[in-house]
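Fold and contact review
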Amino acid sequence: MPRFKRILLKLSGEILAGSKGYGIDEDVLNTLAAEIADVRKAGVEVGVVLGGGNIFRGLAAASRGMDRVAADYMGMLGTVINALAMQDTLEKKGVVTRVMTAIRMEEVAEPYIRRRALRHFEKGRTVIFAGGTGNPYFSTDTAAALRAIQMKADVIIKATSVDGIYTADPKKDRTATLYERLSYRDVIVQNLAVMDQTAITLCAENSLPLIVLNIQRRRAVADAICGARVGTIVQ
Ligand code: UDP
């Protein structure tokens, strides 16, 4: 039996890029969509926030001299590309979806209207939140925290390519060990690289639990929502 009624899943652009490191890897997209379809079959409502780092990173372009605001808008548009790709893949698997954008583009998708999004959940639709927060200088992690709070999600699940939160970057430091459980304060004070501080502060202020897990592990999300020990839980 799932222990959550509604979850918010955050998928970074890096995950979507797979081993290519850029753009969208269709095999990865299919695997992710299958995982979401399984979670839906278990009766859990799913909101998805997609990153855009596989297409464009505002901060990186700004550091090369581009105007930060323009660069960030490009980054946000990248998340819409990812959202449309995810929508198509999910619908092919029979998952009914709606894309809602934080920046209006009504020919492409619905604008984000909180009460409408809630109605979609009630009707069993999977909602993909695109366009980040709609504001430059923010991240899609912050968008995930915001949408999770606004949607009254029970948990935010951040999908990564490592098993959870470690003492150091496990891809660089072989002595790094995995935390099973952390407090928000631990993450903030130790500046653990899991989400930016704005996002984690929002989670803390609203007592929104966060699970960080390895999406490359089969059924990671499905197991986590059933209460299995998967990844790191921050609460
Ligand atoms: N972005 C933004 N405001 C937001 C969300 C995203 O300006 O609310 C821009 C920012 O430039 C960022 C890019 O969109 O670099 C892609 O988002 P992010 O880096 O969070 O994606 P991820 O790392 O999850 O792939």
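Each remark here, short or long, concerns the structure printed above.
These notes cover the structure that comes with them. In this convention, every chain numbers its residues from 1, walking through the sequence in written order. Side-chain atom pairs in this predicted model are given and counted only at pLDDT of 80 or more, local residue features only at pLDDT of at least 70, and totals for whole chains, interfaces and linings cover all residues. Hydrogens and waters are ignored; side-chain quantities use all the structure's heavy atoms.

Looking at the site of the ligand
Proximity is defined per residue: any heavy atom of the residue falling within 4 Å of a molecule or strand makes that residue near it. Close to the ligand lie 20 residues; G13, D72, T133, N135 and T140 are nearest. Contact distances for the ligand include 3.0 Å between an oxygen atom and a backbone N or O atom of G52. With residues, only the protein chains shown are counted as cover, and all accessible areas are computed by Shrake-Rupley using a 1.4 Å probe. Calculation on the ligand without its partners gives an accessible area of 520 Å², and the protein chains cover 91% of this total. By residue class, the composition of the shell around the ligand is 5 nonpolar, 12 polar and 3 charged. Pairing of N or O atoms within 3.5 Å defines a polar contact, subject to two protein rules: one partner must be a possible hydrogen donor and the other a possible acceptor, and residues neighboring in sequence count only if both atoms are side-chain atoms. The classification used treats Ala, Val, Leu, Ile, Met, Phe, Trp, Tyr, Cys and Pro as nonpolar, Asp, Glu, Lys and Arg as charged, and all other residues, Gly among them, as polar.

Comments concerning the pattern of salt bridges
Salt bridge, as applied in this entry: a Lys or Arg side-chain nitrogen positioned within 4 Å of an Asp or Glu carboxyl oxygen. Scanning the model with the defined rule gives 15 salt bridges in all. With a closest N to O distance of 3.8 Å, R217 and D223 form a salt bridge. Shared partners join several salt bridges into a network, and the residues in it are D38, R217, R219 and D223.

Points about the environment of I55
The way it works is that DSSP assigns letters per residue, a run of H or I at least four long becomes a helix, a run of E at least two long becomes a strand, and they are numbered from the N terminus. On the secondary structure map, I55 appears in the loop between β2 (45-50) and α3 (58-63). I55 sits 97 residues away from K152 along the chain, and the two C-alpha atoms are 29 Å apart.

Concerning a nonpolar patch on the surface
A cluster of nonpolar side chains, namely V69, Y73, Y137 and F138, defines an oily patch on the protein surface of about 390 Å² accessible area. You can see Y73 is positioned in helix α4 (residues 68-92). A patch is a set of surface residues, each over 30% in relative accessible area and not in a salt bridge, joined within 9 Å for like charges and within 5 Å for the nonpolar side chains Val, Leu, Ile, Met, Phe, Trp and Tyr.

Considerations on the nonpolar core
By size, the foremost hydrophobic cluster in this structure holds 40 residues, and its most contacted members are I7, M86, I157, L213 and V221. When residues in this core are grouped by element, the largest group, 7 residues, is from helix α2 (residues 26-41). The contact rule is simple, with two residues in contact once any of their heavy atoms fall within 4.5 Å. Each residue touching L213, except ones within four places of it in the same chain, is listed here: I157, K158, A159, T160, V162, D163, A220, V221, A224, V230 and G231. To define a nonpolar core, start from buried Ala, Val, Leu, Ile, Met, Phe, Trp, Tyr and Cys residues and group those joined through side-chain atoms within 4.5 Å. The rule is simple: take the accessible area with a 1.4 Å probe, protein chains only, and divide by the maximum for that residue type; under 20% is buried, over 50% is exposed, in between is partly exposed. Core analysis: the second largest hydrophobic core is formed by 31 residues, L8, M151, A199 and I200 among them.

A few points about the environment of N54
For N54, the position within the fold is in the loop between β2 and α3. Distance from N54 to A85, taken between C-alpha atoms, is 13 Å for residues 31 residues apart in sequence. For N54, the residues in contact, after removing those within four places along its chain, are G13, E14, L16, A17, Y22, G23, I24 and N82. Polar contacts involving the side chain of N54 include one to the side chain of N82, which spans 2.8 Å.

Some points on the pairing of strand β8 (residues 210-214)
Burial analysis of β8 places 5 of its 5 residues in the buried class, the great majority of the element. What you see with β8 is no split at all: L210, V212 and N214 on one side and I211 and L213 on the other are buried throughout. At least two bridges found by DSSP between two strands are what make those strands a pair. As paired elements, strand β6 (residues 155-160) and β8 share 5 bridges and run parallel to each other. Each residue of the ladder has a partner; that of I157, found in β8, is I211. Pairing between β8 and strand β9 (residues 232-234): 3 bridges, direction antiparallel. Bridge assignment links V212 to a residue of β9, and that residue is T232.

Here's the deal with the packing of aromatic side chains
Here is the rule: rings of Phe, Tyr and Trp (six-membered ring for Trp) pair when centre to centre is within 6.5 Å. Planes less than 30 degrees apart are stacked, more than 60 are edge-to-face, and the remainder are tilted. The tally for this structure, following the rule as stated, stands at 2 aromatic pairs. Seen from their ring centres, Y112 and F129 are 5.8 Å apart, and the 75 degrees between their planes marks the pair as edge-to-face. Taken together, the positions of Y112 in the loop between β4 (110-111) and α5 (114-122) and F129 in strand β5 (residues 126-130) put the pair 17 residues apart, joining distant regions of the chain. The same class applies to Y112 and to F129, which are both buried. In this structure an aromatic cluster arises from ring pairing among Y112, F121 and F129. The criterion is that NZ of a Lys, or CZ of an Arg, lies within 6 Å of the ring centre and within 35 degrees of the ring normal, and then a charge sits over that ring. The ring of Y112 carries the charged tip of R147 above its face, separated from the ring centre by 3.6 Å.

Some remarks on the side chain of K158
Its location among the elements puts K158 in strand β6. A distance of 2.9 Å separates polar atoms of two side chains, one belonging to K158 and the other to D141. Once residues lying within four places of it in the same chain are set aside, the contact partners of K158 are K10, D141, V194, M195, L210, I211, V212 and L213.

By themselves, these observations are geometric and do not establish any function.
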